There are 2 protein chains.
Amino acid sequence: MPRLTPERREAKRAEIVAAARRCFSRDGFHQTSMPDIAAEAGVSAGAPYRYFAGKDEIILAIAGDAFRLVFAPIQELAAASAAPSVADLVTASLQALSAETVTDAAGHDVPVEELLRCAVQTWSELLRNDTAQAHALDGFESVRGSIADALRRGQAAGTVAPAVDPERGARVVMGLLHGFLLQRVAFGLTDTAAFTGDIRTLLPEG
Amino acid sequence: MPRLTPERREAKRAEIVAAARRCFSRDGFHQTSMPDIAAEAGVSAGAPYRYFAGKDEIILAIAGDAFRLVFAPIQELAAASAAPSVADLVTASLQALSAETVTDAAGHDVPVEELLRCAVQTWSELLRNDTAQAHALDGFESVRGSIADALRRGQAAGTVAPAVDPERGARVVMGLLHGFLLQRVAFGLTDTAAFTGDIRTLLPEG
């Protein structure tokens, strides 16, 4: 077969990932085969294997995108010089979860709903796939570390209560985000924006 | 075949559910067949079908057990006459999630870890099974209503901030519980008890 330019290859890979995301979101990870993904992408049955060894690798790529969507805003805020409150950290991420689409690293628009439906399915896969779990745990701990640092800065600036343990407080923040993600896709949560006020009431400053 | 007494029938059904729970927890819902469940339970291949039409019905039964485990303590507290704070409601449930085993309605000891690993897999199934989703949403809304009532009583008694919207505040409480459940099974959260203090710091009274 003809060799693809790196740009064309990257575009093709993105098409396959987008097709897989639609299939997993609509039909479920276990009900989707590699030929299903190829058909959805409009490529030959063998084409997905030029980019991924199998479905597990594709869902890991999608899980990475979902992870960045949920946690990138919170990490950006945590890395900024200001001292965010706990509510600032949570609402930064809730806003990303409320959007219709998100732009991925390669500049493609990705439907948030699709990404989150894949994320929930990833959690089930983590339970039995040690490699995926180790990978996810690394990501989790990295975000948790950023949030803990931000909480320490908040304590120094008086925007976070001194009694909060930054490491465990960071777990609470991540727990809230995972909980909201689940409610958005499985338990009828539509008005995510309305939660911002409640989070601020429930998680007061300093 | 000989007719079973109601007690014997109930015990047999519980054995099949327990076997399915072990299989789903260890191997995953989609990697488990009805014959696998029969083999794990030590019964004939046809026996599970005398109790359940298929795997979907068994996971719904297990999901119901998991739902009761997570939310029964919070509903009991919400139904009690006292006015609980938001932290009281969250920690009641976190204590149940930290236990090794829980006693089900029929008096059997059920390993909490197994139940929670099944619960996470149920979330994936909800995304594509309308009947299961409607069922789960009913349960969710019922618990949410109880928590909202408790928050209203807390507001009257001064243990919950007046600015909290009880309906949406109840969603925040449930989000925290789902988030912790996920961390316990997939993100290395072992010391659930230590969180009680952090929750209390993050969610101060009135």
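Each value, and the rule that gives it
- Within each chain, residues carry numbers counting from 1 in the order of the written sequence.
- Lettering for chains starts from A, numbering for ligands starts from 1, and both go in the order in which the items are written.
- Since the coordinates come from a predicted model, pLDDT governs what is reported: local features require at least 70, and pairs of side-chain atoms require 80 or more to be given and counted, while whole-chain, interface and lining totals use all residues.
- Values shown for side chains rest on all heavy atoms present in the structure; no hydrogens or waters enter the calculation.
- By salt bridge we mean one thing: a side-chain nitrogen of Lys or Arg within 4 Å of a carboxyl oxygen of Asp or Glu.
- Helical segments are the DSSP runs of H or I of at least four residues, strand segments are the runs of E of at least two, and each set is numbered from the N terminus.
- UniProt positions are given in the numbering used here, feature names are shortened, and annotations may be inferred rather than shown by experiment.
- The contact criterion used is simple: two residues touch if any of their non-hydrogen atoms lie within 4.5 Å.
- By buried area we mean the combined loss of accessible area, with a 1.4 Å probe, across both parts when two parts are placed together.
- Nitrogen and oxygen atoms within 3.5 Å of one another constitute a polar contact, given that in protein one can donate a hydrogen and the other can accept it, and given that sequence-neighbouring residues count only through two side-chain atoms.

In the nomenclature of an unreviewed UniProt entry, chain A corresponds to Transcriptional regulator, TetR family from the organism Actinacidiphila alni.

Caption draft 1: Spatial organisation of the pattern of salt bridges. Applying the stated criterion across every chain, the model contains 24 salt bridges over all chains. The closest approach of N and O atoms between Arg22 of chain B and Glu40 of chain B, which form a salt bridge, is 2.8 Å. On the criterion of sequence distance, the pair formed by Arg22 of chain B in helix α1 (residues 6-27) and Glu40 of chain B in helix α2 (residues 34-41) is long-range, its members being 18 residues apart. Taken together, the salt bridges that share partners define one network made up of Arg22, Arg26, Asp27 and Glu40 of chain A.

Caption draft 2: Looking closely at the UniProt feature "domain: HTH tetR-type" (unreviewed entry) in chain A. Residues given the UniProt feature "domain: HTH tetR-type" (unreviewed entry) here are residues 10-70 of chain A. Secondary structure across residues 10-70 of chain A divides into 69% helix and 0% strand, with the first and last C-alpha atoms of the span separated by 24 Å.

Caption draft 3: Just the interface of chain A and chain B, in detail. Across the boundary between the two partners, chain A contributes 47 residues, which contact 47 residues of chain B. Across the chain A/chain B interface, buried area totals approximately 4300 Å², and carbon plus sulfur atoms make up 68% of it. When the buried surface of chain A facing chain B is broken down by residue, Leu127, Phe187 and Leu202 of chain A rank first, second and third, together holding 18% of it. Our enumeration of links across chain A and chain B arrives at zero salt bridges. Across the chain A-chain B interface, the total number found is 12 residue pairs in polar contact (both at pLDDT 80 or more). At the level of secondary structure, the elements contributing two or more residues to the side of chain A that touches chain B comprise α1 (6-27), α5 (112-126), α6 (130-157), α7 (166-186) and α8 (192-202) of chain A. The element best represented in the side of chain A that touches chain B is α7 of chain A, accounting for 14 residues.

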